[in-house]
Amino acid sequence: MSGAQPENSTGRKGKAVCALLLATSMFALLRPTALHAQETELRGEVSESAILSDQQRKARQLALAAQGQQPANAAQDNAPARTYLPASAGAVPDDTDTGDAIATGSLFDQPAATDDTSADIAAPPKPRRRSSTAGQNAAGQAKDKAADKSKKKKKSTAGTSDITASTTDATDGEDTDADTANRRALTIDSADRQKLDPGAERTDAIEGQKKKLEDDPFAATGVKWGSFVIRPTIEQGLTATSNGDSSSAGTSALLSETALRFSAASDWRENSATIDGYGLFRETVSGYPVHDAQGRIEGQLNVDLDNELRAIAKLGYEAVPESASSPDAIAGVSKQPLRQTIDGSLAVEKHLGKMQYTLTGAVSHDFYGDAKLSDGTSLSQKDQDSTLYTATLRTGYEISPALTPFTEIEVGRRTYDQRIDNEGFERSSTRLGARAGLALDMGEKLSGEFSAGWLREAIDDKNLDAISGATVNADLKWSPERGTTIGLTGRTTVEPTTTSGESGDILYSGRLTGERQIRATLTANAALGLDWRDYIGIDGHDRVLSAEAGLTWWLNRYAGLTTRVRTEKLTSNLPGRDYTANSIFLGVKVQR
């Protein structure tokens, strides 16, 4: 009886221990644990071929293990008992002497430890059996780690790329190719989801951009013709005047006046060319008979040569009837002779530092038509046909880009087609002149030049005095404010004559002009003129004063109404030359 009691006590203790171990195991199984796949931080999908290969590998290992157990069964009695390894951690005390787990080569095995110090991430420590408290802490850390990973997945594409790169660096160097093939792919819209520069300016819509305002919205646009842009203008109207032909015998008349003007400019890359012309036609509607036409066309070509040389060529043609107020006008004729002029020049410019040199050669040929007398006969004017040859050397020094003083020396020869005229005089002459002046270039504010000097033209016939006198020339434009332009022009001209006993005269012409753009559609202009003619060989002179004012109102860019008022008065100490002419014009102006 007493011998059986220890056996029952031992049995009861064994049952208690088994019950305790069972309860502990059930409690551990109920606690949440980290997934093995999350512990190894696998990324991406696992292909079916890899899973099949892993299953076949496990089957081979089990077959090898079964074959290895047959010799081991013979010595089963002498073999030590296998160590119990519970499924849950903490079921048995920690054993620090336990060897490393045998790798099965499975795809889901933990990465093996390595002694390579160059690896980016140290090998994980050997697995240990932990207490239940340690298991609970590990489970909590697994939860936090899973939460962190879910947050990282919600970041931008750039953040996803960084996490993928860090995960790849954590693997062993020998498995780099496998990890790269298993890297998370970028999303389709990753390029569109890149961060924008907060400092970048927003581009306005094309429809919302403001157009640049034109300086002159009613200026002629021009017509493209080849490599030139042509701007034609036509003006048609009526002129009421108190003196039809501006002569001492003129009377009032109503005239139909037509003016044609055009300008053409090239759009070449390097060189440039311009062509300008005008035509003026006047016919009497009622009153004093006037039938005349005049016009001019001229062109200019600028060519840049080598060695800082520049060539400027000009060519022109002009046809103008002799004015009734001219010293050579023929009294008692029904129609004054037509004077035609062909002129041309060629200039070469050279800049050497601040020095500027210009050599210009010019030729001008005048030929006259016959004058029609009142009785129907004609009077030849061939003895006035002449040609003027001149050569001018200009030297300038550029003090600044705005100021360039210069000097000019001119030599020339005037030859008549008829060496001895109808009165028996030899009118050919030799020309010599010198000038000094200043060229200004201040942009749109002030530009141009002016000069003063002396000119002498000695006639071959010793019985005639030489034509000589001071010369004044100017061509200036001043813009005190936008929309306002003031111009000043001056010119000195030698006018030879075939009048018996006279050498000719020197004509000084000056003109002050002003133009003001009152509104975009309204332009005003005004002009003041002064002419002084000094006769050589006789004590005579003429003075001409003139004033003009006009308005142009543009209906649109291509058409407008224009009007102007003009007065002119000539006073002379010679008999039969005084006259006064007042006129008013009203018409339509069309441009393209």
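Residues numbered from 1 in each chain as written. Predicted model: local features only at pLDDT ≥ 70, side-chain atom pairs only at ≥ 80, totals over all residues. Heavy atoms only, no water.

## Regarding the environment of G514
- Tracing the backbone through its elements, the reader meets G514 in strand 18 (residues 504-519).
- When its relative accessible area of 22% is taken as the criterion, G514 is described as partly exposed.
- Once you skip the residues sitting within four places of it in the chain, G514 turns out to touch T485, I486, A524, N525 and A526. (Helix = DSSP H or I, 4+ residues; strand = E, 2+ residues; numbered from the N terminus. Buried < 20%, exposed > 50% of the residue type's maximum accessible area, 1.4 Å probe, protein only. Contact = heavy atoms within 4.5 Å.)

## With respect to the side chain of D328
- Tracing the chain through its elements places D328 in the loop between strand 6 (309-321) and strand 7 (333-335).
- One buried charged residue, D328, forms no salt bridge at all, with the nearest opposite charge on R339 at 8.1 Å.
- Reaching out from D328, the side chain makes a polar contact with the side chain of T497 at a distance of 2.5 Å.
- Apart from the residues lying within four places of it in its own chain, the contact partners of D328 are Q384, P496, T497, T498 and T499. (Lys, Arg positive; Asp, Glu negative; His and termini not counted. Salt bridge = Lys/Arg side-chain N within 4 Å of Asp/Glu carboxyl O. Polar contact = N/O pair within 3.5 Å; in protein donor to acceptor, adjacent residues only side chain to side chain.)

## Regarding the sheet that holds strand 7
- Here three strands make up an open sheet; going across it, the order is 7-10-11 and the pairing antiparallel. Looking along the sheet, the strands with just one partner apiece sit at the ends: strand 7 and strand 11 (378-379).
- As defined by bridge partners, strand 7 adjoins strand 10 (residues 371-373) across two bridges and the pair is classed as antiparallel. Each residue of the ladder has a partner; that of K335, found in strand 10, is K372. (Pairing = 2+ DSSP bridges.)

## A look at the nonpolar core
- Residues L455, I467, V494, I506 and I536 constitute the largest nonpolar core, which totals five residues.
- Apart from residues lying up to four places away in sequence, L455 is in contact with R431, L432, G433, I467, S468, G469, T471 and V494. (Core = buried A, V, L, I, M, F, W, Y, C linked by side-chain atoms within 4.5 Å.)

## A word on the packing of aromatic side chains
- Tallied over the full model, the rule gives one aromatic pair.
- Both rings, one in F228 and one in W268, keep their centres 5.7 Å apart while their planes meet at 80°; by these two values the pair is edge-to-face. Here W268 lies in the loop between strand 3 (253-266) and strand 4 (272-287) and F228 lies in strand 2 (residues 228-241), a separation of 40 residues in the sequence.
- Taking relative accessible area as the criterion, F228 reaches 17% and is therefore assigned buried.
- A cation sits over an aromatic face here: R394 above F406, 3.6 Å from the ring centre.
- Note that R564 overlies the ring of F585, its terminal NZ or CZ placed 4.2 Å from the centroid. (Phe/Tyr/Trp six-rings, centres within 6.5 Å; stacked < 30°, edge-to-face > 60°. Lys NZ or Arg CZ within 6 Å of the ring centre and 35° of its normal.)

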